[in-house]
Amino acid sequence: MQNNVLILDFGSQYTQLIARRVRELNIYCEIHPFNKVPKNIESFKAVILSGSPFSVRAENAPHPDLSKIKGHKPLLGVCYGAQYLAHFYGGSVEPSNIREYGRANLSEISENETLLNGFEKDCQVWMSHSDTIAKLPTNGIRLASTKDVANAAYRIDGEETYAIQFHPEVYHTTYGKQLLENFLVNIAKVEQTWTPAAFVDTTVADLKAKTGNDKVVLGLSGGVDSTVAAVLLHKAIGKNLYCIFVNNGLLRKDEYQNVLDQYEHMGLNVKGVDASERFLDALKGISDPELKRKAIGRVFIEVFDDEAHLVQDVHWLAQGTIYPDVIESVSVTGGPSATIKSHHNVGGLPDFMKLKVVEPLRMIFKDEVRRVGKEMGIDAELLGRHPFPGPGLGIRILGDVTAEKIRILQEVDAIFVNGLKKWGLYDKVWQAGAMLLPVNSVGVMGDERTYEKVVALRAVESTDGMTADWVDLPYKFLQETSNHIINRVKGVNRVVYDISSKPPATIEWE
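The structure reproduced in this document is the subject of the present report.

Here is what the cut-offs are and how they apply
Residues numbered from 1 in each chain as written. Predicted model: local features only at pLDDT ≥ 70, side-chain atom pairs only at ≥ 80, totals over all residues. Heavy atoms only, no water. Pairing = 2+ DSSP bridges. Helix = DSSP H or I, 4+ residues; strand = E, 2+ residues; numbered from the N terminus. Axes fitted to C-alpha atoms, helices over the stretch in contact; angles between N-to-C directions. Contact = heavy atoms within 4.5 Å. Salt bridge = Lys/Arg side-chain N within 4 Å of Asp/Glu carboxyl O. Buried < 20%, exposed > 50% of the residue type's maximum accessible area, 1.4 Å probe, protein only. Core = buried A, V, L, I, M, F, W, Y, C linked by side-chain atoms within 4.5 Å.

Description of the sheet that holds strand E13 (residues 270-274)
Stage number 1. A sheet is described by the order of its strands in space; here 5 strands give the open sequence E13-E12-E11-E14-E15, paired in parallel fashion. In this open sheet, the two strands that pair with only one neighbour each are E13 and strand E15 (356-358). Between one strand axis and the next, the sheet turns through 30° on average, direction left out of account.
Stage number 2. Here strand E12 (residues 241-247) pairs with E13 via 5 bridges, running parallel. The residue of E13 that forms the bridge with Phe245 is Gly272.
Stage number 3. Running over the sheet, helix H4 (residues 196-211) touches strand E11 (215-220), strand E14 (314-318) and E15 and is turned about 170° from E15.

Following this line, the structure appears as structure tokens:
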């Protein structure tokens, strides 16, 4: 793995977007919490300090040790990072009279400055701060201002240290990607070698070195992540890979057999295990979404432990964990960001399992996974499959899970997803699914009063699941889908469509 760029996370909601934008430049980067600066700091060619919900003036403000970074490596401070470099290195930060949040314009831009090369006067940037840099740090040179922020960008003379009060990683900053390219490529001289082909070569070599001649069991789900992980491992260890596809009873309609059929011609060694009753028993009477996730994760591990014992001398459990799973479960590898929800495949294995974990996709995003799959020749239809949560319909049934509720939701989901395909909308949607709500609704069918379930349809567009917006599906499609669901799925008499974005909502309801 190429340790090219280090992003120190101070807890900003935008930290992951910085990583996304850097990766888009074909440059590898890693996010680490501010209080756990990697020991191999010499292997990183540049460092970026993220924003933060904290104020640098607060007693509990994040305070990293930059002694081996500032003045030694190209450094870019973003928002909090810019204020940090001012506050602790000879300048001052004060509460702002006007809280600047949202769109702003750079009214003054210094000429012949590499960081802002390509910027035009009055170009739009995105601000998000309540403090302001009142005095630049020692040897600080102003590079840009807005009408409300005098020190919107600066550099420190004699160092490759730069700072900006705005956020280049968000879409609303017109030349944000250009600024990151200016800093990383033109100033830090980082090579743009982070490509799918390079990832495949490096990862296969790493997997060979890590697992040697050991046997590996992998949990296949039929989704993009586990499939790409399986093909990577197959390239590395061949017949020593044993793939297991578990039917947890919470899959989409007919998905268990469809997935097994899908893998028949891929050269993978795949075994199907129907453990649906075991999962349903474990979920009996549980309504809390986190407890449901934990129950599903526990049984998932138990099933794998049983199956692993059937493979002689197996030493590794492989998983298709990707970066957003890690970020949402463990707060950016232990940083100050808030944990959103736990993921069943993140967090290690219980002590009773003697297997070590290998996760070849742990540090890449969903769109990068698809590009890696394409590089390896995986079928486009499989790579285009919508993401599906590991706990499956267990977290799309709000409240307790029963066999009857699973039947209802499977039927609803099949009508919705097949309808998207029929209308040519499936590939225009990043993820779609249905939620069974824990409420009943009064309705009329014929001359009879009904009191049945409500389902919510959800379709979002996104790049990697970190942020998402609802899809404006045609009214005619929604009308047809609603009619089909109500007329064909016994137990449902009302259909609603979710028009919430992430954030503030999440893609799933639980």
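What about the pattern of salt bridges?
Stage number 1. Taken as a whole and assessed by the stated rule, the structure comprises 27 salt bridges.
Stage number 2. Across the salt bridge formed by Asp306 and Arg278, the nearest N and O atoms sit 2.8 Å from each other. Linking Asp306 in helix H8 (residues 289-309) with Arg278 in helix H7 (residues 276-283), this pair joins segments that are 28 residues apart in sequence.
Stage number 3. For Glu480, the salt bridge is made with Lys422, and the minimal N-O distance between the two is 3.5 Å. Here Glu480 is found in helix H13 (residues 475-488), whereas its partner Lys422 is found in helix H12 (residues 403-422), with 58 residues between them in sequence.
Stage number 4. Under the relative-accessibility criterion, Lys422 is labelled exposed at 61%.

Focus: the nonpolar core
Stage number 1. Ranked by internal contacts, the top residues of the largest apolar core, which has 82 residues, are Ile48 and Val228.
Stage number 2. The dominant element in this core, judged by the number of residues it contributes, is helix H5 (residues 224-237), at 9 residues.
Stage number 3. When neighbours within four sequence positions are excluded, Val228 is seen to be in contact with Leu361, Val369, Val372, Gly373, Met376, Ile378 and Leu383.
Stage number 4. Of all hydrophobic cores here, the second largest spans 52 residues; its members include Ile397, Leu409, Val489 and Tyr497.

Read these as spatial facts, not as claims about activity.
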